[in-house]
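Residues per chain, in single letters:
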Amino acid sequence: MKRPLRSSRTSCLASVLGLASVLGLAFVSGTFAPSAHAAPPAPAARPSNGKAAAGSNKGSKTNASSNSSSSSSTKATRPPETTVRRSVAGGPTFDDTAVGADTPELRALYAAERELFPPAQSSTVTAWPDELPFPVASSEDRPRVHASGLPPTPPASAPALAEGGRDLAWLSKLDMPDLPVRWDARVVRYLEFFKDDPRGRTTLTIWMRRSGRYRDAMKKVLRRKGLPEDLVWLSMIESGFDPAARSPVGAVGLWQFMPETGKIYGLNQDRWADQRMSLVSATEAASDFLADLHRRFGSWDLAMAAYNMGYGGVLSAVRKYNTNDFWALSKLEGSLPWETTLYVPKIIAASIVARNLATFGYRELQIEAPLEGEDVPVGPGVALATVATACGVTTKEIEQLNPELRASRTPPAQADWPVKVPAGKGALCTQSLAKNRREAPGTERYVVRFGESLEQIAQARHVAVSKLVELNAIGQGEVVRGGTVLLVPKGDGVVAEERKDTASKDKSAFNGKPMVVVPQDMFVYPDRRRVFYRVQVGDSLREICSTFKTTPDEVRRWNGVDPQARLVEGMTVQLFVPRDADLTGVVVLGEPDVHTVVAGTDEFFQHWDDKGRRRVVVSAKAGDTLESIGKKHGVTTGLMERINRRGRNEALVPGESIVCWVAGPGNQATPNGTAVSAFPEATPPLSNPPNPELLPALP
């Protein structure tokens, strides 16, 4: 799917060591060449497969001293704390958005590609592949191929030699996939990488072994839709056959669908289920998407390129460079992203290897058994652990068959949800679940209102927050937004109440009412009413404006906020909405429910000051400075600057009013002035507007 290009940010040596860590390989000078990684190497567990690690021992006896020196040099480099960076950024960091799906094997492959295809080289294609004869050689006992897409093959020629004199005659003996093959240098290089390089062999071994779970079901869908079955290897290059693979920019699943593309092709996504992770549903959607792309371009090369970078980008490149040949485009400067120029050759090479496992040294590879099962209708909100018990299997088996169920529970939908169970267990499961349904405590659906928190829902339903977290598998740090459907215990007509902050729980409360700070400007609209909304985690100005049918400029004027900055949870914004606006799906407070305070007034200061200070205003004398006045009243110079918004040594005009926050009881006169407010009193509410008919006529 479409992703930004990866950027090189770490040293070559650190990337190679990161790759070795991912694959469980030892770094030995001469075994790996330095390469740059797409992003700071994330810590990864060593593969459990002992054979993969053992394959890295070739050449381990050479240059041991170089190995030790290299290892010591990398210890000085401290990896970035990505968790902290994401916390600061409020989401994915800049580096996060520069990588694709994040699995150990994919990270290893990305690092190796930087070595195999360095972006700085002058050309990714040399002359020798163009001279390679088409794999089906001309002879008396074989058909002559005339429509290969290449120039006609000359009769029997000498085996071609690659760079460095390598013999490529073995390519002519390979079985071809049902995708068109162009013998480009990158395709051959990937074939050699998967055949001879320990890194490529380790990665492909893991992927090919895992492919047994999914490829038969995928090929069945592709075959039914009349598409090349070898498109199944596009999924392998996208996700490494990991249904939980997720890229920081939002692509998810075996086929790495972005959210909007998934919705276009019928894949539902919410906190309960993400069909992008479903084997059958996502394959159906990917097949339709690829079929549409092929219909658009008439070329599987361009269709696969468009799947990676977006069809709009491919269309633009075709028109700009005036060629519809992917291989020609991939050689032109600035035409396609570097990742895309490798994406198509990588898929073609993988499909060739899959058709020739023995030739590439994977004859003994043990392919995992297919994930087979049957669908059983399960009621809303049933835990997969309950389904597993009903089937007599482990919860992990059920979760593996249903990776799209994100909360390990069926969604609280109106109808039953089809859950896949091991083959032959359907009847037993259905019978057991029917019994459990009669005995289980009742739950019901509840739609969270905009601005509502779990604490409020729990209080209204008279349950603990932990119970709601357990029922809905709410993860640590997960934000439950308005419109989310939750499971709640059935109540006897209990309805969630409006937010009522109390003085015991909220310091900003005043006589049992929440205190709201408002700007000094007053707004009056005859046809509107004023309401107050408490900002929740993740709220944006755009969402608030959409919910309350206002504009960002209005919210800015009413609250003195910056439309470009993020709203911080705990802020309260005042909004003026039409009097007949339907706010039943929103948690708001009306004017009678709050106590408003104008920012900067004495009341504001007295309420928020918790150090027993009082606000006084003194008159400056000749030669006074903020520092000298502060010393007289026991106020630090830094606080004097902060209060009066000026430098400590700036000369003051005699008689000028200076504010001090001094310790002591009540507002009392001081030797240097009187404790008076420097702010005007809040403007009282305006009376009702006059009747237009009673106004004097205009001249």
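The rules we used
Residues numbered from 1 in each chain as written. Predicted model: local features only at pLDDT ≥ 70, side-chain atom pairs only at ≥ 80, totals over all residues. Heavy atoms only, no water. Pairing = 2+ DSSP bridges. Helix = DSSP H or I, 4+ residues; strand = E, 2+ residues; numbered from the N terminus. Contact = heavy atoms within 4.5 Å. Axes fitted to C-alpha atoms, helices over the stretch in contact; angles between N-to-C directions. Expected span 1.5 Å × (residues − 1). Buried < 20%, exposed > 50% of the residue type's maximum accessible area, 1.4 Å probe, protein only. Arc of directions from axis to C-beta. Disulfide = S-S within 2.5 Å. pLDDT = per-residue confidence, 0-100. Parallel < 35°, antiparallel > 145°, perpendicular 65-115°, else oblique. Nonpolar A, V, L, I, M, F, W, Y, C, P; charged D, E, K, R; others polar.

Engineer: Give me the lowdown on the sheet that holds strand β9 (residues 589-590), citing residues and values where you can.
Structural biologist: Across the sheet, three strands lie side by side as β8-β7-β9; this open sheet has antiparallel pairing. The open sheet has two edge strands, β8 (572-578) and β9, and neither has a second partner. The sheet contact formed by strand β7 (residues 528-534) and β8 spans seven bridges and is antiparallel. If you follow F532 over to β8, its bridge partner there is Q574. Sitting on the sheet, helix α22 (residues 552-559) is in contact with β7 and β8, with an inclination near 125° to β8.

Engineer: Quick one: what's the story with helix α6 (residues 185-196), residue by residue and with numbers?
Structural biologist: With twelve residues, α6 should cover 16 Å at 1.5 Å per step; its first-to-last C-alpha distance of 16 Å lies within 8% of that length. Extensive coverage of α6 is indicated by the burial of ten of its twelve residues. Among the residues of α6, those classed as buried are A185, R186, V187, V188, R189, Y190, L191, E192, F193 and F194.

Engineer: Tell me about helix α24 (residues 626-633), and please be specific about residues and values.
Structural biologist: For α24, the full list of buried residues reads L626, I629, G630 and H633. Each buried residue of α24 lies within a common arc of 100° when the element is viewed along its axis, so the set occupies one face. Opposite the packed face of α24, turned more than 90 degrees from it, sit the exposed residues K631 and K632. Next to the buried residues of α24 lie β11 (613-619), α25 (637-644) and β12 (657-663). Of the residues flanking the end of α24, it is G634, one or two places downstream, whose phi is positive at about 70°.

Engineer: Could you give me a rundown of the state of the cysteines, with the residues and numbers involved?
Structural biologist: Under the defined criterion, the tally for this structure stands at zero disulfides. Counting only cysteine sulfurs, C429 is the nearest neighbor of C391, a cysteine outside any disulfide, at a range of 3.3 Å. For C429, a relative accessible area of 0% gives the class buried.

Engineer: Hey, could you go over the confidence of the model for the protein for me, with residue numbers and the actual values?
Structural biologist: For the protein, mean pLDDT is 76; residues scoring 70 or higher make up 69% of the total. Confidence drops under a pLDDT of 50 for residues 2-78, and excluding neighbours within four residues, the segment shows 131 contacts in the predicted structure. Predicted confidence is poor over residues 153-161, with pLDDT under 50, and the contacts of this stretch with residues over four places away or in other chains come to 19 contacts.

Engineer: Run through the packing of helix α12 (residues 300-309) against helix α13 (residues 311-321), naming residues and quoting values.
Structural biologist: Helix-helix packing is described using two parameters, namely the angle between the two axes and the distance between the axes. Where α12 meets α13, the axes come as close as 7 Å, and the angle between the chain directions of the two elements is 125°. By the angle between their axes, α12 is oblique relative to α13. In this structure, α12 contributes L302, A305, A306 and M309 to the contact, and α13 contributes Y311, G313, V314 and V318. Residue composition of the contact of α12 with α13, by class: seven nonpolar, one polar and no charged.

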